[in-house]
Amino acid sequence: MKQTLWKYLAVALFALAPMWSMAEEAAAPAKALPAATIEDRVADVEAYINNAQPPSSTDDFKKTKSPGPVAAVSGPGHNAWMMTSSALVLFMTLPGLALFYGGLVRTKNVLSVLAQCLGITGLVTILWWAFGYSLVFGKSFGSPYLGGSEFFFLKGVDSAPNTDYSYWVSHNVFSMYQLMFAIITPALIIGAIAERMKFPAIMLFVTAWMFLVYFPLAHMVWGATGLMNGVWNPTAKIPAIDFAGGTVVHMSSGWSALILCIILGKRIGFGKEAMPPHSMVLCMIGTGMLWVGWYGFNAGSAVAADSIAANAFMTTTLATAVASFVWPLLEYILKGRPSVLGFCSGAVAGLVVITPACGFVNSTGAVIIGVLAAVVPYLACTKLKPMLGYDDALDTFGVHAIGGTLGAFITGVLATGAVNGNLLDSAAPAKANGLAALVANHTLWTAQFKAIVLTIILAVVATAVIAYIVKALVGLRPEQETERQGLDLIEHGEVGYEY
């Protein structure tokens with residue numbers, strides 16, 4: 001009996017032994033990983049300087065060592081440049097675009113333009129905070145057309161970098177930088193419909209347009225899973241490139257502007273009475289502000305203070321200066337005198353056309369773009385518009401749609417891996433989706449053409465649908481007497497100038 005009892009006890013102890021061992025292991029503190037060495041930390045600093053992934057943030061490193069002190073934190077230099085760039089892009093809308101457009105309308109409508117720019121800034125900011133940023137730069141949907149819902153109401157958008165887009169720029173700074181692009185894009189549209197669209201109708205139109213045009217298009221071009229993001233999405237079906245917004249900003253707004261101004265109809269008296277700009281001084285000041293702010297727009301799109309940003313800064317300057325000179329030169333040759341409006345129009349056209357190419361072309365390419373940016377939009381504004389008879393009040397279509405389309409296409413012709421390594425076969429996404437091969441074979445223009453066609457279809461169809469819905473709901477135009485007296489006094493109860 002005693003022997004049997006001891007046998008049972010021995011078996012029980014043997015069975016419980018592994019459990020005791022597990023308990024001891026659980027109770028024992030986890031063995032700490034060795035800290036990053038000085039060599040590891042130096043490698044992280046080198047990555048910061050070169051705008052590359054910090055080695056101590058990789059999964060393989062984390063399995064053997066604790067991450068270094070600079071892994072997964074923003075870099076002060078890159079962050080500072082991106083905060084500066086964000087301010088510069090907002091400066092383009094407020095006050096740059098407001099004064100540029102404001103100077104080009106008649107005295108009785110100058111405040112309406114300022115109100116529209118301010119209203120769009122507030123409205124788009126709210127939409128961006130709630131849904132827009134996530135729909136563009138999220139990826140939880142796993143879709144090539146829209147991002148995701150993980151960042152709704154900017155949830156989780158803190159000062160740590162979102163490494164899908166930058167290793168060294170805070171996520172919140174990146175989101176605010178991209179907000180400024182979202183603000184100025186619909187604001188460009190108001191140039192085509194200036195002086196004749198009701199303020200509530202504009203706000204309603206912009207709300208719908210952001211969801212149907214801007215958010216999906218921006219994701220397709222710049223989102224991590226985007227359909228046309230040739231630089232960063234290895235599975236992009238259309239490996240196109242757009243450094244700072246040729247398709248996303250200028251084509252989308254410009255083609256939408258054309259459709260909206262046609263649906264809206266011409267201004268009262270258009271073609272029968274003179275409608276000159278009321279202040280070329282304001283227009284020129286606004287142009288200068290746009291030019292200065294555009295450095296944040298273009299060079300800031302490198303999302304780092306690096307060599308690519310430096311190249312974009314140079315090419316933006318060259319193309320803009322050349323176009324600003326060539327446009328009035330054409331006026332001098334064809335009309336006998338250069339105008340201040342010609343200088344301003346040429347500068348803006350140069351900025352528009354270089355935008356998609358600035359981080360991908362060299363100085364010679366920038367000069368070529370500057371010449372084309374003056375000639376093609378000049379012909380669109382002075383020949384095509386009178387021939388077709390549409391009332392594009394401030395030449396938004398001629399400069400932004402035609403210029404943006406030209407820029408998107410010419411980028412595919414002039415882009416070179418010599419100034420941007422992301423176009424080379426050594427860049428994993430470009431190799432996987434075929435972008436590198438297109439650049440090497442000088443056939444990138446084919447992908448650019450596909451992106452152009454898709455952008456035009458989306459902008460035109462969505463704008464037509466939205467415009468007719470808004471027209472049915474609240475109407476597009478004010479009463480004729482309101483339009484004759486001016487939108488400033490009737491819609492806003494104020495006048496721009498007291499006499």
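Residues numbered from 1 in each chain as written. Predicted model: local features only at pLDDT ≥ 70, side-chain atom pairs only at ≥ 80, totals over all residues. Heavy atoms only, no water.

K.L.:
Give a detailed account of the overall build of the protein, specifying residues and quantitative values.
P.N.:
Each helix and strand in the protein was counted, giving 18 helices and zero strands. Viewed in the frame of its principal axes, the protein has a C-alpha envelope of about 120 × 50 × 40 Å. Nonlocal contacts in the protein, meaning residues at least 24 apart in sequence, comprise 75% of its contacts between residues at least 6 apart. Summed over its atoms, the accessible surface of the protein is roughly 21400 Å², and 69% of this surface lies on carbon and sulfur atoms. Taken together, the 26 basic and 27 acidic charged side chains of the protein have centroids lying 7 Å from each other. (Helix = DSSP H or I, 4+ residues; strand = E, 2+ residues; numbered from the N terminus. Contact = heavy atoms within 4.5 Å. Areas by Shrake-Rupley, 256 points an atom, 1.4 Å probe, with all protein chains shown as cover. Lys, Arg positive; Asp, Glu negative; His and termini not counted. Charge placed at Lys NZ, Arg CZ, Asp CG, Glu CD.)

K.L.:
Pulling in residues and values, what's your account of the nonpolar core?
P.N.:
Judged by nonpolar contacts, the single largest core of 141 residues is most densely connected at Phe100, Trp128, Met197, Phe205, Met210, Tyr214 and Phe297. The contacts of Phe205, once residues within four sequence positions are left out, are Ile189, Met197, Leu260, Thr463, Ile466, Ala467 and Val470. (Core = buried A, V, L, I, M, F, W, Y, C linked by side-chain atoms within 4.5 Å. Buried < 20%, exposed > 50% of the residue type's maximum accessible area, 1.4 Å probe, protein only.)

K.L.:
So what's going on with the packing of helix H9 (residues 280-298) against helix H10 (residues 307-335)? Which residues, and what values?
P.N.:
Think of two packed helices as two axes; the pair is described by the angle between the axes and how far apart they sit. Between H9 and H10, the least distance of the axes is 9 Å, while the angle of their chain directions is 140°. Comparing their axes, H10 and H9 come out oblique. Crossing angle aside, the handedness with which H9 passes H10 is right-handed. Only Ala312, Phe313, Thr316, Thr317, Thr320 and Ala321 of H10 make contact with H9, whose side of the interface consists of Trp291, Tyr295 and Asn298. Considering only residue class, the contact of H9 with H10 consists of five nonpolar, four polar and no charged. (Axes fitted to C-alpha atoms, helices over the stretch in contact; angles between N-to-C directions. Parallel < 35°, antiparallel > 145°, perpendicular 65-115°, else oblique. Left-handed = near helix turned anticlockwise from the far one by under 90°. Nonpolar A, V, L, I, M, F, W, Y, C, P; charged D, E, K, R; others polar.)

K.L.:
Quick rundown of unusual backbone geometry? Include the residues and the values.
P.N.:
The peptide bond linking Leu94 to Pro95 adopts the cis configuration, its omega dihedral lying at 15°. Structurally, Pro95 is set in helix H4 (residues 76-104). Despite not being glycine, Leu154 shows a phi value in the positive range, around 55°. Structurally, the position occupied by Leu154 is in the loop between helix H5 (110-137) and helix H6 (171-189). Positive phi, close to 75°, is recorded for Glu195, a residue that is not glycine. As for its placement among the helices and strands, Glu195 is situated in the loop between H6 and helix H7 (199-222). Residue Glu195 is classed as buried on the basis of its relative accessible area, which comes to 2%.

K.L.:
Give me the packing of aromatic side chains: which residues, what numbers.
P.N.:
With the rule as written, the count across this model stands at 27 aromatic pairs. Both rings, one in Phe211 and one in Phe215, keep their centres 5.2 Å apart while their planes meet at 85°; by these two values the pair is edge-to-face. With Phe211 and Phe215 both in helix H7 and four residues apart, the pair spans about one turn of that helix. (Phe/Tyr/Trp six-rings, centres within 6.5 Å; stacked < 30°, edge-to-face > 60°.)

K.L.:
How would you explain the packing of H6 against helix H8 (residues 246-264) if you had to name every residue and give the values?
P.N.:
The geometry of H6 relative to H8 is characterised by a closest axis approach of 8 Å and an angle of 30° between their N-to-C directions. Comparing their axes, H8 and H6 come out roughly parallel. Note that H6 runs across H8; the crossing there is right-handed. Contacts from Phe181, Thr185, Leu188 and Ile189 in H6 reach Val248, Val249, His250, Ser252, Ser253, Ser256, Ala257 and Leu260 in H8. Residue composition of the contact of H6 with H8, grouped by class: seven nonpolar, five polar and no charged.

K.L.:
Provide a residue-level description of the side chain of Thr93, including the pertinent values.
P.N.:
Among the structural elements, Thr93 can be located in helix H4. For Thr93, a relative accessible area of 1% translates into the label buried. If sequence neighbours within four positions are ignored, Thr93 has contacts with Ala98, Thr121, Ile183, Ile184 and Ala187.

K.L.:
Explain the environment of Met203 residue by residue, including any values.
P.N.:
Of note, Met203 is situated in helix H7. When the C-alpha positions of Met203 and Leu123 are compared, they lie 7.6 Å apart, and in sequence the two are 80 residues distant. Met203 has contacts with Gln116, Gly119, Ile120 and Leu123, leaving out every residue within four places of it along the chain.

K.L.:
Run through the pattern of salt bridges, naming residues and quoting values.
P.N.:
Applying the stated rule across the entire model yields nine salt bridges. One salt bridge connects Glu195 with Arg267, and the closest N-O pair in it is separated by 2.9 Å. Of this pair, Glu195 sits in the loop between H6 and H7 while Arg267 sits in the loop between H8 and H9; the two residues are 72 residues apart in sequence, bridging distant segments of the chain. Pair check on accessibility: Glu195 and Arg267 agree, each one buried. Linking Arg196 and Asp391 is a salt bridge whose minimum nitrogen-to-oxygen distance equals 3.8 Å. On the criterion of sequence distance, the pair formed by Arg196 in the loop between H6 and H7 and Asp391 in the loop between helix H12 (363-388) and helix H13 (396-414) is long-range, its members being 195 residues apart. As far as the burial class goes, Arg196 and Asp391 line up, both buried. Salt bridges sharing common partners tie together Arg106, Glu195, Arg196, Arg267, Glu273 and Asp391. (Salt bridge = Lys/Arg side-chain N within 4 Å of Asp/Glu carboxyl O.)

K.L.:
Describe H4, listing the residues and the values that go with them.
P.N.:
In this model, H4 (29 residues) spans 41 Å end to end at C-alpha, consistent with the 42 Å of a helix rising 1.5 Å per residue. At Gly96, H4 shows its maximal kink, close to 40°. (Expected span 1.5 Å × (residues − 1). Bend = angle between axes of the 7 residues up to and from the residue.)

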